[in-house]
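# Structure at a glance
In case you want the letters, here they are:
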Amino acid sequence: MSATTATRPPGPPRPPAGIPAAGSGTGPRFFHPTVARLTYRGLLGRRRALLLFALPALLLVIVGAVRALAGADDSTAHDVLQGFALSGVVPLVGVIAGTGAIGPEIDDGSIVYLLSKPIRRGTIVTTKLLVAIGVTVAFCAIPTLLAGFVLNGNGQRLAVAYAAASAVAAVAYSAVFLMLGVLTRHAVVVGLVYALLWEGVIGNVVPGARTLSVQQWAVAVAQKIGRGDLISSDVGLSTAVVLLVLVTAGATWFAAHRLRGLKITGEE
Amino acid sequence: MTVIGIDKVSRWFGNVVAVNDITMTIGPGVTGLLGPNGAGKSTLISMMAGFLAPSTGAVTLDGATVWRNEQVYRQVGIVPEREAMYDFLTAREFVVANAELHGLPDPGAAAQRALATVEMQYAQDRRIDTYSKGMRQRAKMASALVHNPSVLLLDEPFNGMDPRQRLQLMELLRRMGAEGRTVLFSSHILEEVEQLAHHIEVVVAGRHAASGDFRKIRRLMTDRPHRYLVRSSDDRRLAAVLIAHASTAGIELDRTEEALRIQAVDFAAFTEFLPRIARDHGIRLFTVSPSDESLESVFSYLVTA
């Protein structure tokens, strides 16, 4: 450090204007651009981000191969879009983006730089949720749409239907996995167990469990959009929409609630 | 003027009491929070920073409750002990982000001012993960100062710093205190606290052990009985002449160690008297070592005193 560096003291502190009572915050309510920027750069700046790129890339490679080998076929397209894109890529990307939007900051303690600011905890959570949704949609819904066009040129509107379903699922998954990121240090593991075991295995074995599956709710949306009878969900559209909204809102509220009470201590 | 009030505060984790019924008031100037590792300093600072709720009692800032009150951060700057920042950013980006999070009107200018204060402008465009420990500490300081807070809380800020960095940070904190800010830092090293703090609060095992300026704390520490382990050419004769002198409280002949265990009453008088009397009686001293100089023993004396 050079001794010639100008060091202007920041002057005496402002006279305190009195500290307002809790809950009288100002500033943006649902979206704080700086929180968003830090979240987004954190998400894409870590090694995990490679998976975000790898999964959609894998999807596109597979659909390219399927199209080349089997030609355009509505039933095949449906199987790949539901069986791989919606039930595999979307929950996995959701886990990475949802937990990654907040979990690492809580783990390493850097969240204190967000929490030690006059910003509502709810704003931090909703901002991070919007970023996670944006990332999940970008890395799932758009590749799914492309995949659908590659597979059968959007025949029976399958591409659009499953892209919409992916986007809807992205919202709910992001909220659920973001909540997990606040609740537990093992959010990725818990998220994977949920995504693969509950949505995958148990949903296929125990019929009742499928009613409580983000994937089935999303399929209900796809069913509404797609033509023909290839797409079928165990859940009615209105039930699905209500459950999607409830789960998303509930998870977001709970995440904000827990973040308000998040205890941070030193290394002692 | 901003005052931190800690009123009958306790904090326990399960069955473990980390902070036990502490009451103190911290006003403008530099205050040192001194105590051995595990004494509850970090827990106390976490509560002042609003990161932890007290189990009982109240932590306030100019009378406003700190816990779950985001508005206090307009006046508080925090330098956490943990290393992690947003390491993928440069210091400039990091400090600008902090300024934006505070809602400052000109985040760029505020960040430049803060970075200049900690003399980090020369490295501000390097990523934080390339920084040394001392540089990280200064980047943290800049982020804490960016909104010109009237209160500054620092948890073990000197840990792992080299002597030069230590002096620079001390100088900076002294300036902050002289400007009328309320600066509180924790440390387990007495010399550090002594050099910097005009007021010292001592915490041991979760309890408030002592409070005062460094002279008072020093006096408490030096006035206590001191124990020495002494080996000489003639331990028994030395023991006989020492016990006759008022500065000695007791002597034990430790036969396994082949040494004298001496308890002195007056630290200063004893250290002058011992070599003189040895010389006068032709006794050679081989070992003179304080046997209880560890900080923990000093602290435990303070607590029981």
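Bear in mind the structure is a predicted one, so any value in this text is a computation, not a measurement.

### Section: the pairing of strand E2 (residues 16-26) of chain B
All names here are of chain B. As paired strands, strand E1 (residues 4-13) and E2 are joined by seven bridges and run antiparallel to one another. Directly across from Val 9, in E2, lies its bridge partner Ile 22. Taking the residues between adjacent antiparallel strands as the criterion, E1 and E2 are bridged by two residues, where Gly 14 takes a positive phi near 60°.

### Focus: the sheet that holds strand E4 (residues 56-61) of chain B
With respect to topology, four strands assemble into an open sheet ordered E2-E1-E4-E5 (chain B), the strand pairing being antiparallel. Each edge of the open sheet is held by one strand with a lone partner, namely E2 and strand E5 (64-65) of chain B.

### Things to note about the domain arrangement of chain B
Note on interface size: it is often stated as the accessible area lost on association of the parts. Taken as a whole, chain B is organised into domain 1 (4-221) and domain 2 (223-304). Between domain 1 of chain B and domain 2 of chain B, the C-alpha centre-to-centre distance is 40 Å.

### Section: helix H9 (residues 267-280) of chain B
Residue and element names in this part refer to chain B. Taking 1.5 Å as the rise per residue, H9 with 14 residues should run 20 Å; its terminal C-alpha atoms sit 20 Å apart, in good agreement. Of all the bends found along H9, the most pronounced is centred on Phe 273 and spans about 25°, while Pro 275, a proline, follows it within four residues. Every buried residue of H9 is accounted for by Phe 270, Phe 273, Leu 274, Ile 277 and Ala 278. Packed against the buried residues of H9 are strand E11 (226-232), helix H8 (235-243), strand E12 (248-254), strand E13 (259-264) and strand E14 (285-290). With its phi angle positive at about 65°, Gly 282 sits one or two positions after the end of H9.

### Some thoughts on the pattern of salt bridges
When the charged atoms of two side chains lie near each other, side chains of opposite charge can form a pair. All names here are of chain B. A complete count under the given rule lists 16 salt bridges over all chains for this structure. One salt bridge connects Glu 156 with Lys 41, and the closest N-O pair in it is separated by 3.7 Å. Of this pair, Glu 156 sits in the loop between strand E7 (151-154) and helix H5 (163-178) while Lys 41 sits in helix H1 (residues 41-48); the two residues are 115 residues apart in sequence, bridging distant segments of the chain. Residues Glu 156 and Lys 41 agree in their burial class; the two are buried. Arg 166 is the salt-bridge partner of Glu 192, the closest N and O atoms lying 2.4 Å from each other. Pair noted here: Glu 192 is in helix H6 (residues 190-196) and Arg 166 is in helix H5, with a separation of 26 residues, a long-range link.

Calculation notes
- Residues numbered from 1 in each chain as written.
- Chains lettered and ligands numbered in written order.
- Predicted model: local features only at pLDDT ≥ 70, side-chain atom pairs only at ≥ 80, totals over all residues.
- Heavy atoms only, no water.
- Pairing = 2+ DSSP bridges.
- Helix = DSSP H or I, 4+ residues; strand = E, 2+ residues; numbered from the N terminus.
- Domains from an automatic or database assignment.
- Expected span 1.5 Å × (residues − 1).
- Bend = angle between axes of the 7 residues up to and from the residue.
- Buried < 20%, exposed > 50% of the residue type's maximum accessible area, 1.4 Å probe, protein only.
- Contact = heavy atoms within 4.5 Å.
- Salt bridge = Lys/Arg side-chain N within 4 Å of Asp/Glu carboxyl O.

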